[in-house]
Amino acid sequence: MRHDREQVKILQERGHATLLSIETSCDETSAAVVRDGRIILSNIISSQIATHALYGGVVPEIASRQHVGQVDPVVDQALTEAGMTFQDIDALAVTVGPGLVGALLTGICSAKALAYGLDVPLVPVHHIEGHVCANYLAFPELKPPFLCLVASGGHSHLIWVCDFGRYTLLGRTLDDAAGEAFDKAARVLSLPYPGGPALDRLAQAGDADALPLPKARTQGRYDYSFSGLKTALVTAVRNRKPGLRDADIAASFQKAVVDALVEKAMLAAQEQKAPAIALAGGVASNSLLRATLSRRAADLGIGCYIPPPVLCTDNAAMIGSAGFYRLMEGDLAGLDLNAMPSLPLNVTSPTKCG
Ligand code: KG4
Ligand code: ZN
């Protein structure tokens, strides 16, 4: 901290750095050790799902308290698994937003204390940028430019990644995020929290053509809207036609969400002449989305990158990857760093992005 700028200059000249990263934006307490933004030395994830399942969703105050209890053990485990000590760490990276304020603050306070104690630079990371960078960990050969579809519990973004750390937002959801839509639909079908994976499993046994669902129209050609689908699902459940099973409703809903996500992504890929498309965020674990995107990208003849599910869900390794590229740009934070619950993605103007 005291000699930040000189330390960063040395790391930039070397072009190498080992980061300890922390992610506590929602209901996973995670710490990782990542080398050069590409190599995972450890990635420890402590999930709070079992606790929040009792309430049918994330309870922010409980999440914060669990992070407080988990963050130190998770950091220790990340170092142990990497075969390292604090002395091997060149910089700290931490999620600063978006997310739950109390949850974010837990990770930020830990990262600040560690960076100060170890006298190393502190790098603030945007959660969605972390999701995008999960692809750099899974695919060491991947380089911008590429198109990235980020579908998580709070976001549905179509992002043009023009360079490392440089993004243009092509489209976004106008109402619910895809994960939020899955979670709400799952609740209507009385499935347990978290709804997305449960609905995905139930849909395997259903007929996706059993329930016709509306297609959203949006003004922006790459924007999404899922709230109409949700209303249609509630109506279908209330006025259920004889013979329509929960599995059929789940399968039809899943197909409608996936078709919407993939259709706009493919339109953007074609119009922007993307050499490749990458998938990111918790919903990227969805089996139908993975299969549909791979197939459509192959039909178009463009590259398709889909990280393994452990890197799609919230994890600190992705924050360590994004943190490395931020560090190389000299983007640092001071000890006055605060949580930013609604932090927008730092986007570059399309003309500069190229
Ligand atoms: O990225 P993430 O772990 O947390 C946020 O940043 O929001 O995403 C969590 C979201 C939840 O809405 C969850 O239901 C959804 O991802 N999800 C899925 C699946 N696995 C997780 N949605 C559909 N199918 C899945 N298999
Ligand atoms: Zn996330």
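J.: Mind laying out the overall build of the protein, listing which residues take part and the relevant values?
T.: In terms of helices and strands, the protein carries 13 helices and ten strands. Against the globule reference of 20 Å for 354 residues, the protein gives a C-alpha radius of gyration of 20 Å, in line with a compact fold. Projected onto the principal axes, the alpha-carbon positions of the protein cover approximately 70 × 45 × 30 Å. Burial statistics for the protein: of 354 residues in total, 54% are counted as buried. For the protein, the proportion of contacts with a sequence separation of at least 24, taken over those separated by at least 6, is 75%. Surface accessibility of the protein: about 14900 Å² in total, with carbon and sulfur atoms responsible for 54%. When the 30 positive and 35 negative side-chain charges of the protein are each reduced to one mean point, those points stand 7 Å apart.

J.: Mind laying out the site of ligand 1, listing which residues take part and the relevant values?
T.: Within the structure, ligand 1 sits among 18 residues, and Gly153, Asp183, Asp200, Gly282 and Asn286 are positioned closest to it. For ligand 1, an oxygen atom lies 3.1 Å from a polar atom in the backbone of Gly196. Contact with the protein chains hides 86% of the accessible area of ligand 1, taken as 560 Å² for the molecule alone. Only helix H5 (127-138), helix H6 (178-188) and helix H7 (195-203) provide two or more residues apiece to the shell around ligand 1. Of the residues in the shell around ligand 1, the class split is three nonpolar, twelve polar and three charged.

J.: Lay out unusual backbone geometry in plain terms, naming residues and giving numbers.
T.: In this structure, the amide linkage connecting Gly97 to the following residue, Pro98, adopts the cis form with an omega of -5°. In this fold, Pro98 is placed in the loop between strand E4 (91-97) and helix H4 (101-118). Residues Tyr193 and Pro194 are joined by a peptide bond in cis, for which omega reads -5°. Structurally, Pro194 is set in the loop between H6 and H7. Phi is positive for Asp36, which is not a glycine, with a value near 55°. Topologically, Asp36 is positioned in the loop between strand E2 (28-35) and strand E3 (39-47). For Asp36, a relative accessible area of 15% puts it in the buried group. We note that Asp119 has phi near 60°; this positive angle belongs to a residue other than glycine. Here Asp119 is to be found in the loop between H4 and strand E5 (122-126). Looking at Asp119, the relative accessible area reads 16%, which means it is buried.

J.: Which residues make up the environment of Trp160, and what values go with them?
T.: Examined against the element boundaries, Trp160 turns out to sit in strand E7 (residues 156-163). Taking the C-alpha atoms as reference points, Trp160 and Arg187, 27 residues apart in sequence, are found 33 Å from one another.

J.: Go over the nonpolar core with me, naming the residues and quoting the values.
T.: Core analysis: the largest hydrophobic core is formed by 48 residues, its most contacted members being Phe253 and Leu261. Going through the elements one at a time, strand E6 (146-151), E7, H6, H7, helix H8 (227-238), helix H9 (246-271), strand E9 (276-280) and helix H10 (287-300) are the ones with two or more residues in this core. When residues in this core are grouped by element, the largest group, 13 residues, is from H9. Excluding anything up to four places from it in sequence, Leu261 contacts Leu149, Ala151, Ala178, Tyr224, Phe226 and Leu289. Within the second largest apolar cluster, 39 residues are counted, among which are Val125, Tyr136, Tyr167 and Ala280.

J.: I'd like a description of the side chain of Asp36, backed by residues and values.
T.: For the buried residue Asp36, which engages in no salt bridge, the nearest side chain bearing the opposite charge is Arg35, 5.6 Å off. Of note is the side chain of Asp36, whose polar atom sits 2.7 Å from the side chain of His16. Leave out the neighbours within four places in its chain, and Asp36 touches Gly15, His16, Ala17, Phe324 and Tyr325.

J.: So what's going on with the sheet that holds E4? Which residues, and what values?
T.: Here five strands make up an open sheet; going across it, the order is E3-E2-E1-E4-E5 and the pairing mixed. Pairing within the sheet leaves two strands with one partner each, and these edge strands are E3 and E5. Along the sheet, successive strands turn relative to each other by an average axial angle of 20°, direction set aside. Sheet analysis places strand E1 (residues 18-23) next to E4, joined by four bridges and oriented parallel. Paired with Leu20 across the strands is Leu92, a residue of E4. Strands in contact with helix H3 (residues 60-82) are E1, E2 and E3; relative to E2, the strand with the most contacts, it is inclined by about 25°. Running over the sheet, helix H12 (residues 316-328) touches E1, E2, E3, E4 and E5 and is turned about 130° from E1.

J.: Tell me what's going on with the coordination of the zinc ion (ligand 2), and back it up with residues and numbers.
T.: Ideal donor angles around a metal are set by the shape: a four-donor tetrahedron calls for 109.5 degrees, a six-donor octahedron for 90 or 180 degrees. The zinc ion (ligand 2) binds to the protein through His127 (NE2), His131 (NE2) and Asp314 (OD); the donor distances cover 2.0 to 2.1 Å. We classify His131 as buried; its relative accessible area is 1%. Residue class for Asp314 comes out buried when judged on its relative accessible area of 12%.

Criteria and thresholds
- Residues numbered from 1 in each chain as written.
- Chains lettered and ligands numbered in written order.
- Predicted model: local features only at pLDDT ≥ 70, side-chain atom pairs only at ≥ 80, totals over all residues.
- Heavy atoms only, no water.
- Helix = DSSP H or I, 4+ residues; strand = E, 2+ residues; numbered from the N terminus.
- Rg over C-alpha atoms; globule rule 2.2 N^0.38 Å.
- Buried < 20%, exposed > 50% of the residue type's maximum accessible area, 1.4 Å probe, protein only.
- Contact = heavy atoms within 4.5 Å.
- Areas by Shrake-Rupley, 256 points an atom, 1.4 Å probe, with all protein chains shown as cover.
- Lys, Arg positive; Asp, Glu negative; His and termini not counted.
- Charge placed at Lys NZ, Arg CZ, Asp CG, Glu CD.
- Near = heavy atom within 4 Å.
- Polar contact = N/O pair within 3.5 Å; in protein donor to acceptor, adjacent residues only side chain to side chain.
- Nonpolar A, V, L, I, M, F, W, Y, C, P; charged D, E, K, R; others polar.
- Core = buried A, V, L, I, M, F, W, Y, C linked by side-chain atoms within 4.5 Å.
- Salt bridge = Lys/Arg side-chain N within 4 Å of Asp/Glu carboxyl O.
- Pairing = 2+ DSSP bridges.
- Axes fitted to C-alpha atoms, helices over the stretch in contact; angles between N-to-C directions.
- Donors = N, O, S within 2.8 Å, 3.2 Å for Na, K, Ca; no water.

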